[in-house]
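Structural characterization, general
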Amino acid sequence: MQQSTGRLAVGVVLAASLVTFGLQAFVLRPHLWPAGAGVAVSGDTVFGALAAPRPIAVIRPPNLNGLSVTAVTITIVWPGSAAEKAGLRPGMTVSSIADARGHTIRLDQGLPADPAATLGIWREMQRASPQSAITLGVSDGAGATPRVVVLDRQAVWATDAATQAGWLRQHLGPIAQTAGFLAGAAVLLVLGASGTTATLMMLALIATAVANAGPLLGADTAVPILGPLLLLFNWLATPLSFPVIGFAVLFFPHRAEILDRHRWIPMALALASLPMLVISTATAGFLLGADAVAPLVAWFSQRAWTFDASFALLLAANVLIVIEGIGRYRQNLDANERRRIQIVVFTGVPAVFAYALKTGIPLLGGLVGGQPIALYWWVEAFLQAVVLLPAFGLPYAVAVRHVFSPRTVLRRSLQYALARRTIAALVLLPIIALAGSLVQQREQSLAMIIRGRPLFYLFCLGLLGLGLRYREAARRWLDQRFFRAEYDAREILVALASRVPYEADPRQLVAMVVAQIDSALHPECVAVLAENGGAFAVVAAVRADAAPLAGDSALVTLLRWSDRPLEVFLDDESSPVARIPPADRAWLAAIDAALLVPIFAGGSDPRPLVGLVALGQKRSEEPFTPEDRELLRGIAVQMGVALDLSRLRRKASESVIPGGGTQFTPTVVTGTGAGPGIGVGAVVDAKYRVDAIIGQGGMGAVYRAWDLRLARAVAIKVVRADLLSSADARARFHRESQIVARLQHPAIVTVFDYGTLADGAAFLVMEFVPGEDLRQLMRRERTLDPARMLALMDGIAGGVESAHQSGIFHRDLKPENILLPASGTGPKVVDFGVAKLSSPAGTDSGQTFGGTVDGTIIGTPAYMAPEQLRGDAVDSRADVFSLGAMAYEMVTGKLPYGGGSFIDIGMRQAAGEATVDVGGMSEALAAAIRRAIAYDRQSRPDSPVAFAQALKQAFRTTNNQ
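Residues numbered from 1 in each chain as written. Predicted model: local features only at pLDDT ≥ 70, side-chain atom pairs only at ≥ 80, totals over all residues. Heavy atoms only, no water.

Description of the overall build of the protein
Stated formally: Think of it this way: any DSSP run of H or I at least four residues long counts as a helix, any run of E at least two long counts as a strand, and we number them from the N terminus. Type-normalised accessible area, obtained with a 1.4 Å probe on protein chains alone, sets the label of each residue: buried when under 20%, exposed when over 50%, and partly exposed for intermediate values. It only takes one pair of heavy atoms within 4.5 Å for two residues to be counted as in contact. Only the protein chains shown count as covering a residue, and every accessible area follows the Shrake-Rupley method with a 1.4 Å probe.
Along its length, the protein carries 32 helices and 26 strands. Out of the 961 residues in the protein, the part that is buried amounts to 49%. Counting contacts in the protein only where the partners sit at least 6 residues apart, residues at least 24 apart contribute 65% of the total. Taken as a whole, the protein presents about 44400 Å² of accessible surface, with 61% of it coming from carbon and sulfur.

Set out below in structure tokens:
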């Protein structure tokens, strides 16, 4: 209901805008300079349609500040116009102006000194129809006998070629710009774009179009009854355009978080537009006959700075909003949203510069040399075309769900224009030649025409036949030549669809489908899921880590409704998946799914949904084309009809895990390796079903699993059996489990359970954290700004501090051990595998997991404190050193003491922290980090929280300077 109301309101506003545009394009502007009367008089904008032409038509009251005109004179006469034919020339004095309504303005003494009287003249000129004739009383100067001249205001199409060319240069740009922006808003409305972002963007396009079109100058009188409303709408467009554009930026591509942090922003933006809104409303009321507001309008007209100041304030506010939007773009990790913003920037910024050049160069020439600079027509045409880019870019960025990057749009457009359009042109050329020849010889009979030039017609007909016969082959060749990636993908998928029915082994079929789809479309990930015991589990995957999907979930129900591939748009309010429960949305977000292709079994009706193919976005950042979706649908149909997918769901073998639980021989899982002790598909300890391997290292592997009792995702860390071969080693593993299980803090990964397997391996069940680690973030962004580093370090330090208070030192803090949840809830510290437990009395127990005692070096050298490298006893300040090293790396992209062996790093540490390069950092931030990585532990902050506080103080000091 709310969306329907919003679309109805936008439709009403758009309709009013289209009527206003019609008045501008067909009633007003065809009768403006140099068409119409072809004359301009002095007196600034007081004389409306007779005022001197301006590059920018701003809807505002006249500027009466210092306006003192002792005599109103003719300033410009267009050659060949009605004014020139009547004998008018520049310098003649205008003593009176009368319109077709019988209203006469006396100007014997020039403009009156009383501002209210001058505003009365302005109102008369604003309300005069631009189409009607106008009568001027003119004379050659003081004492000369005035004469009366009646001037017909001709429409531009009734003038000569020179006038039409001049008119086009003056008015085609604003008309095209208004039409373009209104067309963009209409396209969004017709395409059904909905939601707050789309509504604000449509209103922004409409407001920009109406405001840039300029005042109606009496054209509204051509519309009975609705004319006053259109006049009011025209005057309110400018003050309302600024806040509407500002809100459109704040809600693009989604609502900015700054609106939640600073709730005063909407009110401030509305208040900033209030002065201009008051001025425009009062002026519109005055034009409609409300004389009560005349003193207020006169006050504003004598103080033009009020309008200018409000205009500048709103412009500055929108500039700040755009800057904030750029900041959001830099922090936005969603590739599709980043492309949307790029489209807006790549079309909007050139348009602003083109508009500034198109209007600024003539204005600058007039200010400096007294004569406006006339640009070449082709320069004006090019600049105007660039100004229109946002009219195409904004609707594309808002309405299209998966957008191309600007570079891809340009490349594909050029390729299409040069390649496929070439084929159409080659087919049309012989047709055009034949038609031209027949028209040229239309006086002759067809037989005579053919006999006169038989070879020519045979050649043209042969060329036409060849073009029609080999057109498709030529297009395929051009596709292969200019669209190689798309051509190869299509060929691979077509070949795959033809091979599917003949593949007997379901395992080989699924592996082949996954591999071929990955090769053809290059998605970020691809996974095939099959129904198994009421849930859909992964049976084959590449770069995907998908949890089982409940068979009664809303997402599965949505797929059952149609056999068409389902595009995933989580942030689109009108998308079907936008209304599914949070659990299903989280499942889609976890694998970053962009397309779901359902697989139905054959035979029965209705056909049961037995599987699905989930694909991530293409690595090329391009969306899936309709042809891609149709080919994938065909492959899914072949899979469902040709094979009995129950074989994918049937247990290949079943055995009991000695440590408890049931293990199934897993089906094909491409891109994962076998882990120690268990495999994908196993049920560990009768509690945890292993779904996928997350990572693997020298000590063992980490799996993502499903807690069957509590219905939640967990991570299982499995340690190799050969590392726990002795009773002491197993006891130490149990001790580590007890250590980390004691830690309860939002910034520390929680441990739920632990146990051992009969083959000697042991497992630790922990909280599963979807997302990435700090190392992945730093590889992608190289460096982080200090504010972002501080936010991360504040959360990390809190977790490490909590561990210290429990008597636990991490001793291996590094970016790989800092998880960044996809939910954005803050960092989490993981892997206390080398943590050291201090005794309750505060004395060092000397024991660590792995059987080490004091004198043994454990950790990653680049992040280890000097005392840790020496094998000395460590305390909380060793972890502070690691935090300082990470903070330095986040800001600079480098390690403070470099990499290398223990000895190399130790020697550089011994040289002192003063040797660490802090170039590019503020003095306060450099000092705080150098203290944390000091060689002498006594010089470091006493605790992680103390280090975080030092960073905050340094950040405040830097910002206050």
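Some thoughts on the packing of helix 5 (residues 196–213) against helix 13 (residues 389–399)
The relative placement of two packed helices is expressed as an angle between their axes plus a distance between the axes. Rules: Each axis is a line fitted through C-alpha atoms, and for a helix only the stretch in contact is used; angles between axes span 0 to 180 degrees, taken between their N-to-C directions. Roughly parallel means an angle under 35 degrees; roughly antiparallel means over 145; roughly perpendicular covers 65 to 115; every other angle is labelled oblique.
Look at helix 5 against helix 13: their axes get within 10 Å of each other, and the N-to-C directions meet at 170 degrees. Comparing their axes, helix 13 and helix 5 come out roughly antiparallel. From helix 5, Ala198, Met201 and Leu205 reach across to helix 13, where they touch Leu394, Pro395 and Val398.

Brief notes about the side chain of arginine 633
In plain terms, the rule: Polar contacts, as used here, are pairs of N or O atoms within 3.5 Å; protein pairs need one atom able to donate a hydrogen and one able to accept it. Residues neighboring in sequence count only if both atoms are side-chain atoms.
With respect to the secondary-structure elements, arginine 633 resides in helix 23 (residues 626–642). Of the residues examined, arginine 633 reaches a relative accessible area of 18% and is grouped as buried. Of the polar contacts made by the side chain of arginine 633, one reaches the side chain of glutamate 630; its length is 3.1 Å.

Points about the sheet that holds strand 10 (residues 566–567)
The following threshold applies: Here the rule is simple: two strands pair whenever DSSP picks up at least two bridges between them.
Pairing is antiparallel across the open sheet formed by six strands, whose spatial order is 9-8-7-12-11-10. The sheet is open, and its two edges are formed by strand 9 (549–550) and strand 10, each paired on a single side. With two bridges joining them, strand 10 and strand 11 (residues 593–600) adopt antiparallel strand pairing. The residue of strand 11 that forms the bridge with leucine 566 is leucine 596. In the packing of helix 22 (residues 582–591) onto the sheet, contacts are made with strand 7 (526–532), strand 9, strand 11 and strand 12 (609–616), and the angle to strand 11 comes to roughly 110 degrees.

Details of a nonpolar patch on the surface
As a reminder of what qualifies: Note on patches: the residues involved have over 30% relative accessible area and no salt bridge, like charges join within 9 Å, and the nonpolar side chains Val, Leu, Ile, Met, Phe, Trp and Tyr join within 5 Å. Criterion for a salt bridge: a side-chain nitrogen of Lys or Arg within 4 Å of a carboxyl oxygen of Asp or Glu.
On the surface, a cluster of nonpolar side chains totalling about 430 Å² of accessible area is made up of Met267, Leu271, Leu274, Val278 and Leu296. Sorting elements by how many residues they give to the nonpolar patch places helix 8 (residues 265–287) first, with four residues.

A look at the pattern of salt bridges
In total, this model carries 29 salt bridges according to the counting rule given. Measuring nitrogen to oxygen at the nearest pair gives 3.2 Å for the salt bridge that ties lysine 952 to aspartate 794. With lysine 952 in helix 32 (residues 944–960) and aspartate 794 in helix 27 (residues 786–805), the pair connects residues that are 158 residues apart, well separated along the chain. According to the relative accessible area criterion, lysine 952 is partly exposed, its value standing at 22%. As a salt-bridge pair, arginine 937 and aspartate 875 come within 3.6 Å of each other at their nearest N and O atoms. Of the two residues, arginine 937 sits in the loop between helix 31 (923–932) and helix 32 while aspartate 875 sits in the loop between helix 28 (866–869) and helix 29 (876–892), which places them 62 residues apart along the sequence. Looking at aspartate 875, the relative accessible area reads 18%, which means it is buried. Among the charged side chains, a salt-bridge network with shared partners connects Asp99, Arg101 and Glu124.

Some remarks on the pairing of strand 20 (residues 762–767)
Counting buried positions along strand 20 gives five out of six residues, so the element sits mostly inside the fold. With six bridges connecting them, strand 18 (residues 712–719) and strand 20 associate as antiparallel partners. Directly across from isoleucine 716, in strand 20, lies its bridge partner valine 765. Sheet topology places strand 19 (residues 751–756) next to strand 20; five bridges connect them, and they run antiparallel. The residue bridging aspartate 753 from the neighbouring strand is valine 765, located in strand 20.

Re the sheet that holds strand 21 (residues 771–773)
Pairing within the open sheet is antiparallel, and its three strands lie in the order 21-23-24. Looking along the sheet, the strands with just one partner apiece sit at the ends: strand 21 and strand 24 (828–829). For strand 23 (residues 818–821) and strand 24, the ladder comprises two bridges, and the chain directions are antiparallel. Residue pairing for strand 24: isoleucine 818 is matched across the bridge by valine 829.

With respect to unusual backbone geometry
A cis amide bond links tryptophan 33 to the next residue, proline 34, at an omega of 0 degrees. Tracing the chain through its elements places proline 34 in the loop between helix 1 (2–28) and strand 1 (39–41). Of the consecutive residues phenylalanine 252 and proline 253, the connecting peptide bond is found in the cis state with omega at -5 degrees. Mapping proline 253 onto the fold places it in the loop between helix 6 (227–250) and helix 7 (258–261). The residue aspartate 592 is not glycine, and still its phi comes out positive at about 55 degrees. Judged by relative accessible area, which is 41%, aspartate 592 ranks as partly exposed. Of note in the backbone geometry, arginine 782 takes a positive phi value of approximately 65 degrees without being a glycine. Position of arginine 782 relative to the elements: it lies in the loop between helix 26 (774–781) and helix 27. Residue arginine 782 is classed as exposed on the basis of its relative accessible area of 67%.

Overview of the packing of aromatic side chains
Just so we agree on the cut-off: Any pair of Phe, Tyr and Trp rings, taking the six-membered ring for Trp, is counted once the centres come within 6.5 Å. Such a pair is stacked with planes under 30 degrees apart, edge-to-face with planes over 60 apart, and tilted for the rest. Any Lys NZ or Arg CZ found within 6 Å of a ring centre and within 35 degrees of that ring's normal is scored as a charge over the ring.
With the rule as written, the count across this model stands at six aromatic pairs. Seen from their ring centres, phenylalanine 242 and phenylalanine 311 are 5.0 Å apart, and the 80 degrees between their planes marks the pair as edge-to-face. You can see phenylalanine 242 sitting in helix 6 and its partner phenylalanine 311 sitting in helix 10 (residues 305–331), a full 69 residues away along the chain. Through a chain of ring-to-ring contacts, the aromatic side chains of Phe242, Phe307 and Phe311 assemble into a single cluster. The positively charged end of arginine 123 is found above the aromatic ring belonging to phenylalanine 286, 4.2 Å away from the centroid. Here arginine 712 stacks its cationic end above the ring of phenylalanine 752, 3.9 Å away from the centre of that ring.

As for helix 29
The condition is simple: In this analysis, the expected span of each helix is defined as 1.5 Å times one less than the number of residues it contains.
The end-to-end C-alpha separation of helix 29 is 25 Å, in line with the 24 Å expected for 17 residues at 1.5 Å each. Burial analysis of helix 29 places 17 of its 17 residues in the buried class, which makes it a mostly covered element. Glycine 893 sits one or two residues past helix 29 and shows a positive phi near 80 degrees.

Re the packing of helix 6 against helix 8
Filter applied, for reference: Under the convention adopted here, Pro, Cys and the residues Ala, Val, Leu, Ile, Met, Phe, Trp and Tyr are nonpolar, Asp, Glu, Lys and Arg are charged, and Gly plus all remaining residues are polar.
Where helix 6 contacts helix 8, the axes come no closer than 7 Å and their chain directions differ by 170 degrees. Considering their axes alone, helix 6 and helix 8 lie roughly antiparallel with respect to each other. Between helix 6, through Leu231, Leu232, Trp235, Leu236, Thr238, Pro239, Leu240, Phe242, Pro243, Gly246, Phe247 and Leu250, and helix 8, the contact on the second element is made entirely by Ile265, Pro266, Leu269, Ser273, Met276, Leu277, Ser280, Thr281, Thr283, Ala284 and Leu287. When its residues are assigned to classes, the contact of helix 6 with helix 8 shows 17 nonpolar, six polar and no charged.

Notes on the nonpolar core
Where we set the bar: Take the buried Ala, Val, Leu, Ile, Met, Phe, Trp, Tyr and Cys residues and link them wherever side-chain atoms come within 4.5 Å; each set so joined is a nonpolar core.
Membership of the largest hydrophobic core comes to 64 residues, with the highest contact counts inside it found for Leu774, Met793 and Leu951. When residues no more than four places from it in sequence are discounted, the contact partners of leucine 774 are Leu792, Pro815, Ile818, Leu820, Met886 and Met890. Leu188, Phe252, Leu269 and Ala317 belong to the second-largest nonpolar core, a separate cluster that totals 44 residues.

Here's the deal with the side chain of serine 241
Of note, serine 241 is situated in helix 6. Exposure remark for serine 241: the relative accessible area of 7% places this residue in the buried category. With residues near it in sequence (within four places) discarded, serine 241 still touches Ala207 and Ala211.

Overview of the environment of alanine 550
Along the chain, the position of alanine 550 falls in strand 9. Judged by relative accessible area, alanine 550 falls into the partly exposed class, the value being 37%. The spacing of alanine 550 and glycine 533 is 17 residues in sequence and 9.6 Å in space, taken between C-alpha atoms. Contacts of alanine 550, omitting those with residues within four sequence positions, involve Gly534, Ala535 and Val556.

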